[in-house]
Amino acid sequence: RRPQGCSKLCIRNKRLASILGSMAPLRSAILAFMFCAGVVGAVEAESEEAVVERSSMLARRMEAESQLAMSELALAFVSRDESHLYEATEGEEGSIRCGDVYCASGIGSHCCHGSAVHSHYSICCGSTGRCRRGVGGLALCTR
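Residues numbered from 1 in each chain as written. Predicted model: local features only at pLDDT ≥ 70, side-chain atom pairs only at ≥ 80, totals over all residues. Heavy atoms only, no water.

Peer 1: Teacher, can you tell me more about the pattern of salt bridges here?
Peer 2: Two side chains carrying opposite charge are able to pair once their charged atoms lie near each other. By the definition in use, this model includes 4 salt bridges. One salt bridge in this structure joins Arg-60 and Glu-53, with 3.6 Å as the shortest N-O distance. (Salt bridge = Lys/Arg side-chain N within 4 Å of Asp/Glu carboxyl O.)

Encoded structure:
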């Protein structure tokens, strides 16, 4: 029987917290992430070793996702910095409007739209570049 005023989720969180008691400094972060990942209920039947292994796996996943985001941010800066190589002036014959810039014609450049911090922007990718959107909607020119 559950304590008065405590939901099933509350009971699950308390049980999980007791299992993770030896990991007190990380308990809050792990519980929050596991709750968001939808694994709180599945943890009830696992041993302490399995919970520690799952927590370690989730921490590695979070680190990998963070590294991916940083790599895509670096690629977005390179893509933006190299965009000028494929841009043209407004009046240039055959130029293609791409947001606030114009992409040069005849060299295979094309427009790539992105967004960052509540604003939209456009860059030009070269003929060998493929436009895609990275983490947070950043414009990336990839091969």
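Additional details are given in the paragraphs that follow.
Peer 1: It is not clear to me how the environment of Glu-92 should be interpreted in this structure. Could you clarify?
Peer 2: For Glu-92, the position within the fold is in the loop between strand S1 (87–88) and strand S2 (96–98). Under the relative-accessibility criterion, Glu-92 is labelled partly exposed at 39%. In this structure, the C-alpha to C-alpha distance between Glu-92 and Ala-104, residues 12 residues apart in sequence, is 8.0 Å. (Helix = DSSP H or I, 4+ residues; strand = E, 2+ residues; numbered from the N terminus. Buried < 20%, exposed > 50% of the residue type's maximum accessible area, 1.4 Å probe, protein only.)

Peer 1: How do you make sense of a nonpolar patch on the surface when you look at a structure like this?
Peer 2: On the surface, Met-70, Leu-73 and Phe-77 cluster together into a nonpolar patch covering about 280 Å² of accessible area. Here Phe-77 lies in helix H4 (residues 48–82). (Patch = residues over 30% accessible without salt bridge, like charges linked within 9 Å, V, L, I, M, F, W, Y side chains within 5 Å. Areas by Shrake-Rupley, 256 points an atom, 1.4 Å probe, with all protein chains shown as cover.)

Peer 1: What exactly am I supposed to notice about the pairing of strand S7 (residues 139–142) here?
Peer 2: Moving residue by residue along a regular strand, the side chains alternate between the two faces of the sheet. Every second residue of S7 is oriented toward a common face, with Ala-139 and Cys-141 on one face and Leu-140 and Thr-142 on the other, all of them buried. Where strand S6 (residues 130–133) and S7 come together, 4 bridges link them in antiparallel fashion. Residue pairing across strands places Arg-132 opposite Leu-140, the latter belonging to S7. Turn length for the S6-S7 hairpin, with the two strands adjacent in sequence and antiparallel, is 5 residues, and the turn residue Gly-136 shows positive phi of about 75°. (Pairing = 2+ DSSP bridges.)

Peer 1: What's the story with the pairing of strand S5 (residues 119–125) in this structure? I'm lost.
Peer 2: The sheet contact formed by strand S4 (residues 110–116) and S5 spans 7 bridges and is antiparallel. Looking at S5, one finds that Cys-112 is bridged to Ile-123. Where S4 folds back on S5, the antiparallel hairpin that results is connected by 2 residues, among which Val-117 adopts a positive phi of roughly 45°.

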